[in-house]
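A closer look at the structure
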4 protein chains.
Amino acid sequence: MLSFENDYVEGAHEKILSRLAETNLEQLSGYGTDRYCTAAAEKIRNACECPDAEIFFLVGGTQTNAAVIGGMLASYEGVIAAATGHVSVHEAGAIEYTGHKVLTLPEHEGKIHAAELETYLRTFWEDESHEHMVFPGMVYISHPTEYGTLYTSAELEDLSAICRTHQIPLYLDGARLGYGLMSHNTDVTLPLIARCCDVFYIGGTKVGALCGEAVVFPRHNAPKHFLTIIKQHGALLAKGRLLGIQFDTLFTEELYCRISRHAIEMAELLKKGFHERSLNFYLESPTNQQFLILKNSMIERLKRQVDFSLWQKLDEDRTIVRFVTSWATTKEHIAQLMAILDEIRV
Amino acid sequence: MLSFENDYVEGAHEKILSRLAETNLEQLSGYGTDRYCTAAAEKIRNACECPDAEIFFLVGGTQTNAAVIGGMLASYEGVIAAATGHVSVHEAGAIEYTGHKVLTLPEHEGKIHAAELETYLRTFWEDESHEHMVFPGMVYISHPTEYGTLYTSAELEDLSAICRTHQIPLYLDGARLGYGLMSHNTDVTLPLIARCCDVFYIGGTKVGALCGEAVVFPRHNAPKHFLTIIKQHGALLAKGRLLGIQFDTLFTEELYCRISRHAIEMAELLKKGFHERSLNFYLESPTNQQFLILKNSMIERLKRQVDFSLWQKLDEDRTIVRFVTSWATTKEHIAQLMAILDEIRV
Amino acid sequence: MLSFENDYVEGAHEKILSRLAETNLEQLSGYGTDRYCTAAAEKIRNACECPDAEIFFLVGGTQTNAAVIGGMLASYEGVIAAATGHVSVHEAGAIEYTGHKVLTLPEHEGKIHAAELETYLRTFWEDESHEHMVFPGMVYISHPTEYGTLYTSAELEDLSAICRTHQIPLYLDGARLGYGLMSHNTDVTLPLIARCCDVFYIGGTKVGALCGEAVVFPRHNAPKHFLTIIKQHGALLAKGRLLGIQFDTLFTEELYCRISRHAIEMAELLKKGFHERSLNFYLESPTNQQFLILKNSMIERLKRQVDFSLWQKLDEDRTIVRFVTSWATTKEHIAQLMAILDEIRV
Amino acid sequence: MLSFENDYVEGAHEKILSRLAETNLEQLSGYGTDRYCTAAAEKIRNACECPDAEIFFLVGGTQTNAAVIGGMLASYEGVIAAATGHVSVHEAGAIEYTGHKVLTLPEHEGKIHAAELETYLRTFWEDESHEHMVFPGMVYISHPTEYGTLYTSAELEDLSAICRTHQIPLYLDGARLGYGLMSHNTDVTLPLIARCCDVFYIGGTKVGALCGEAVVFPRHNAPKHFLTIIKQHGALLAKGRLLGIQFDTLFTEELYCRISRHAIEMAELLKKGFHERSLNFYLESPTNQQFLILKNSMIERLKRQVDFSLWQKLDEDRTIVRFVTSWATTKEHIAQLMAILDEIRV
């Protein structure tokens, strides 16, 4: 069945599979010490324009968030995030499991506002009883957000300035970073992210890899013994080659950008199709996730032929649903979806 | 200096001190196995009309909350609380330190609403991705709340019914329970609490003891090896007698109720005095905590002669402040405060 | 350079790579709900003769141990393991990070003795102060052990009987299980393991997969919401297909057994070669890990041409070293190693 | 019944009770900010000859160990302790509950040897795979130990020098520190402890207080926001006055030393009595805990008239038992015990 459920329904980009096959019988050392991890890290440093960056490869997003947040916070600190942030809602309490509170700010289409962050921090320090409260120790943002929205470069710079004033790190979760960077509607680049953030990760799982996320500490600022922290979180892959080869491939000849751009083009086609059919957008994002408001009766008929996510109940009759494109989406997929829509709506 | 800052500015009721002195050289076994702990537990069982209750004595509120919540939740569960709940805000992340998320509901003068709890629980179970979320594993309420407000018996019964439908325990934090039970404006009794809740604690620290909270599992329903859980939390007092003697004294001849009633009478005097002086209430509670809105200039002058809490900034000129009475407040204290107010406002 | 450093220096068995390529563009649901995970689980159930087994696929060994142990223990319980157990020594404290103590027993070539386990458990319960101690809540063994040694079926049955008497689960870490099952010197089968243990895992990473471990709860006895526990540990792979396809391949036409048997044959050749050259065994194991005592001067020369592990310093002049074969080791590898040894020892 | 079971069977020294009564109705601020905590801290600074020391008052030993160890270690670090250390065995896993491993060294009558510590540390750093292991991040010793034995000043200096070389803190658990300092057989003083250690605590619970331990960071070297760490551990007492008044009393006119010296004198009488009756010592300590080997038949008769601890089964017929004196033991207690012994052995 046709699926727009998410951006990880297919395997990996074919170049990745062929590189895995070519290198398969090379004997390589484990735990990220192999030559492919080294090469991938160097290519990422170049792409970020951060010659001193430290790079670590982990398998998935939740474990990356837990290792970074748990590894960087003092015991009495928590992480600030949007109320809709992935760490706030959809990681089964993985952050709290490391002993740290997620401190939430209001979300605005998935984003936090610099002014609200500043108020939060100032209010905390002014509070007479703040020693009895969780200290804000880090700011977490996702880019694109869980709603597919994007920070502008000005917004990132504002958040960064506030974090620096308060001497807490800014962490950007880039599970879908490629789709953000290649949006038609952004002025944010990888080097800008590297300048604004103290740590971020470049998502592979949702952007063409079988698995894998690349954590970047842009100014040689990884916590001491971060490899051991990764191991302690159960997140150190024995065959680190699997991650090194994938990221080396993604960062060779701009594959990461090229396949992300393709997903954006598919998303633009998708939006165009939805508009032509006068479907009701809940949120039309500049990246690869689109949110519609559909009647439940229509959802029922549509679900027989195509997979997509039920995001949230809106009222008794209508539900917010999500359609996602990816590096693997084809024009034919879009055309099929439109044909199904036309058929249903006749 | 005169203080209405909180209900723990004095030591202990004199009867407690004299009992400690009388029993001082008795040789007693440790960790809550002494005869005074046994006697206190029996008196509490009677007061709760729960012959099968299991009672544990701990030293303070935060450690009690951490031991009860951490000890009863499965690893994948969190505790639901009002956004203003003590566990949500003022325990320095002690609950998250045990690995569990505090899931917040909107607060209404410190209370949660049964309807919102029900919606939260239903929505959780209906959510397609709830397996990626923190499971609601317990409901925490405080009674009186952090704002001195009280649940009615009907409200407690509603919350209890919802919890039983969803098979999660209802936990009542009674740090100031005496002041709630003795309010002029309540239909909630200790036996009713015992019937509605699966676990609750009777606060001693704020109601006449040097320290100590009595945890009650009303239906022989303590988690297995709860004593070891207490020890693991660093909350098992070696000289358990210190807690046993205090609670035995408080639950002899209704001392706990009598001194709580006195605090309520002092609070009524305090409210009367505030009204007579046309002070602006932010929240006039039925218990021992009263919240006023004062001009900052007035606060500055008042602070020279009396201690009270700055609760929250309201705007540039005004602040919400809190005045608290206790078992130890006297008519003279109230009279002094009123004289100071009159002097300042001349 | 030639490597006998460990059993994860190569990628994956070629059948796995070709299956990944063949299925790459199928659109599959995530988190282990795809048809390949379902098929793999069914094949594992058959191989274990456990029609009711629940199977979960995780990425690596440390995270598997943390999720299983952290997910099954009560907060006041610890896990019993050999002093040399992987969880005791080489997981960077991942078990303690979940809040649980590793309680160690003496090791005998990596194994624990049933009699010592029984004494430990009896002594614990007899101890007057056991409520102040960590309760033994699970027994962890590795099979093969970290020294390549194997339990006999009688030994497993004894351990199992003790665990059942004391009502604590027996957990077997099978990171190298294939090499244990295919040893020339064992009477232990997969169904026997399933009968004796309450949970175990079948290692993929070290036995031909790119990554992946299959956790088996043989009697439908997984902890409630174990999927959420996995997620909370950051161990739930988005593209679960990566694990499902690998295990489906390994358990089709006995590939797992066949490649394990090959590794054992290579190990037998290796041992023969070592004996013919009169090398000094520290421990000659029945599986794929062999331990020699070598002079440091020889190690230095050998290291220029071949990789192997320095296990432990024996004295000033000698070190215990480890050579490992795997599914990917060839006769040519062995011959090359022997030629190097002959050249060095001339 | 007469009790030599431990050093916390009585309440508190009478001076403490009278000071509590005298100050009872003073209105004091909470959480250790009152004038008595301030005064007690200053007196402890003087006694330690550490004008810059930071002092915190906690309620009990286990919570103190958890807050200090959990608050000072990085997430990837563990604490080194003797296999018989209180944190290793008798705190119900409170240290592991904070996420940290207790790394054990062999014990020698409860003590660790500097040479073995040095070997452990050197071996750790030399180990090729130490990044996969728990980093040694602190050394924990108890003084007196759990066996009543004492380090010499030379031994403390050696341990201190090793810790400084390896840049890890030395932490001394002084639950019974008074009895160590007042032993007839020691050259260790409080200023020496303050010079050698990076953090230690002066025990009150076992030395005349109702409860309370004073943590000393001798060189203004407390972890940042240690008060919040204490709160997070549920270990911040609301009525801090209870601890301040007790320690202020204990450190006024050397009360702490005087009552400790008395306990030592009682222990000397006890030992003399045991020797005169040719009882079999398992370990004759220089402090207030004495260990005998008694036949089980004798234990049975003795237990009818006197309480003492069963320490450990020695063989089928004999058990190691412990007798403890304290600040509250009287010559009459000793005489009664001896009379009972004489009667039984007739």
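Residues numbered from 1 in each chain as written. Chains lettered and ligands numbered in written order. Predicted model: local features only at pLDDT ≥ 70, side-chain atom pairs only at ≥ 80, totals over all residues. Heavy atoms only, no water.

**Some remarks on the overall build of chain A**
When you go through chain A residue by residue, the secondary structure sums to 14 helices and 13 strands. At 21 Å, chain A has a C-alpha radius of gyration in line with the 20 Å of a compact globule built from 346 residues. A burial count over chain A gives 66% of its 346 residues as buried. The contacts of chain A with a sequence gap of at least 6 include a subset with a gap of at least 24, amounting to 71%. (Helix = DSSP H or I, 4+ residues; strand = E, 2+ residues; numbered from the N terminus. Rg over C-alpha atoms; globule rule 2.2 N^0.38 Å. Buried < 20%, exposed > 50% of the residue type's maximum accessible area, 1.4 Å probe, protein only. Contact = heavy atoms within 4.5 Å.)

**Observations regarding the interface of chain B and chain D**
Counting from both sides, the interface comprises 45 residues of chain B and, opposite them, 44 residues of chain D. Interface area for chain B against chain D, summed over the two sides, is near 3800 Å², with a carbon-plus-sulfur share of 55%. Three residues, Q27, Y97 and K239 of chain B, lead the burial of chain B against chain D; their summed loss comes to 21% of the area buried on that side. Taken together, the connections running from chain B to chain D amount to 26 residue pairs in polar contact (both at pLDDT 80 or more). Secondary structure elements with two or more residues in the side of chain B that touches chain D: β1 (2-3), α1 (14-22), α3 (61-72), α5 (94-97), α10 (226-232) and α11 (241-250) of chain B. (Buried area = accessible area lost by both parts, 1.4 Å probe. Polar contact = N/O pair within 3.5 Å; in protein donor to acceptor, adjacent residues only side chain to side chain.)

**Remarks on the sheet that holds strand β10 (residues 289-295) of chain C**
Residue and element names in this part refer to chain C. Reading across from one edge, β9-β10-β13-β12 is the order of the four strands in this open sheet, with antiparallel pairing throughout. With partners counted over all chains shown, the strands left at the sheet margins are β9 (280-284) and β12 (309-313), one partner each. Ignoring strand direction, the axes of neighbouring strands in this sheet form an average angle of 30 degrees. Across four bridges, the pairing between β12 and strand β13 (residues 318-324) is antiparallel. Opposite S309, over in β13, you have R322 as the bridge partner. (Pairing = 2+ DSSP bridges. Axes fitted to C-alpha atoms, helices over the stretch in contact; angles between N-to-C directions.)

**What about the relation of the copies chain B and chain C?**
Take chain B, turn it by 180 degrees, move it 0.0 Å along the axis, and it overlays chain C with an RMSD of 0.0 Å. In the structure described here, the two chain copies are related by an operation that fits a two-fold rotation axis. Mapped onto chain C, 94% of the interface residues of chain B are again interface residues, and the two copies thus contact each other with one and the same surface. (Least-squares fit on C-alpha atoms with pLDDT ≥ 70 in both.)

**Focus on the packing of aromatic side chains**
Residue and element names in this part refer to chain C. Within this structure, the stated rule accounts for 72 aromatic pairs over all chains. Considering the side-chain rings of F124 and F135, the 5.0 Å spacing of their centres and the 70 degrees angle between planes classify their relative orientation as edge-to-face. One end of the pair, F124, is in helix α6 (residues 114-126); the other, F135, is in strand β5 (residues 135-142), and 11 residues separate them in sequence. F124 gets classed as buried once you look at its relative accessible area, which sits at 4%. (Phe/Tyr/Trp six-rings, centres within 6.5 Å; stacked < 30°, edge-to-face > 60°.)

**What about the domain arrangement of chain A?**
All names here are of chain A. Domain boundaries in chain A define domain 1 (2-7 + 256-344) and domain 2 (14-254). Contact residues are listed per partner, giving 23 residues for domain 1 and 28 residues for domain 2. Carbon and sulfur atoms make up 59% of the surface buried where domain 1 meets domain 2, a total of about 2200 Å² over both sides. For the pair domain 1 and domain 2, the number of links is one salt bridge. The closest approach of N and O atoms between R176 and D7, which form a salt bridge, is 2.6 Å. Taken together, the links from domain 1 to domain 2 amount to 13 residue pairs in polar contact (both at pLDDT 80 or more). Broken down by secondary-structure element, the contributors of at least two residues to the side of domain 1 that touches domain 2 are α12 (255-276), β9 (280-284), β10 (289-295) and β12 (309-313). (Domains from an automatic or database assignment. Salt bridge = Lys/Arg side-chain N within 4 Å of Asp/Glu carboxyl O.)

**Some details on the interface of chain B and chain C**
Counting residues at the interface gives 17 residues for chain B, matched by 16 residues for chain C. Across the chain B/chain C interface, buried area totals approximately 1600 Å², and carbon plus sulfur atoms make up 58% of it. The largest share of the area that chain B buries against chain C comes from Y76, H132 and T228 of chain B, three residues that together contribute 36% of it. Linking chain B with chain C are zero salt bridges, by the criterion used here. On the surface where chain B and chain C come into contact, there are four residue pairs in polar contact (both at pLDDT 80 or more). Among the elements that line the side of chain B that touches chain C, the one with the most residues is α10 of chain B, at five residues. A per-class count over the side of chain B that touches chain C returns eight nonpolar, six polar and three charged. (Nonpolar A, V, L, I, M, F, W, Y, C, P; charged D, E, K, R; others polar.)

**Details of the packing of helix α6 (residues 114-126) of chain D against helix α7 (residues 153-165) of chain D**
All names here are of chain D. For the pair α6 and α7, interaxial distance at closest approach is 9 Å and the crossing angle is 10 degrees. As the angle between them shows, α6 and α7 are arranged roughly parallel. Here A114, L117, E118 and L121 of α6 lie close against α7, whose contacting residues are D158, L159 and I162. Here the residues of the contact of α6 with α7 are counted per class, giving five nonpolar, no polar and two charged. (Parallel < 35°, antiparallel > 145°, perpendicular 65-115°, else oblique.)

**A look at unusual backbone geometry**
The amide bond that connects H143 of chain A to the next residue, P144 of chain A, takes the cis arrangement and shows omega of -10 degrees. Note on placement: P144 of chain A falls in the loop between β5 (135-142) and α7 (153-165). At Q167 of chain B, a position not held by glycine, the phi torsion is positive, near 55 degrees. Even without glycine at this site, S278 of chain C takes up a positive phi of about 55 degrees. Residue placement: S278 of chain C occurs in the loop between α12 (255-276) and β9. You can call S278 of chain C exposed: its relative accessible area is 60%.

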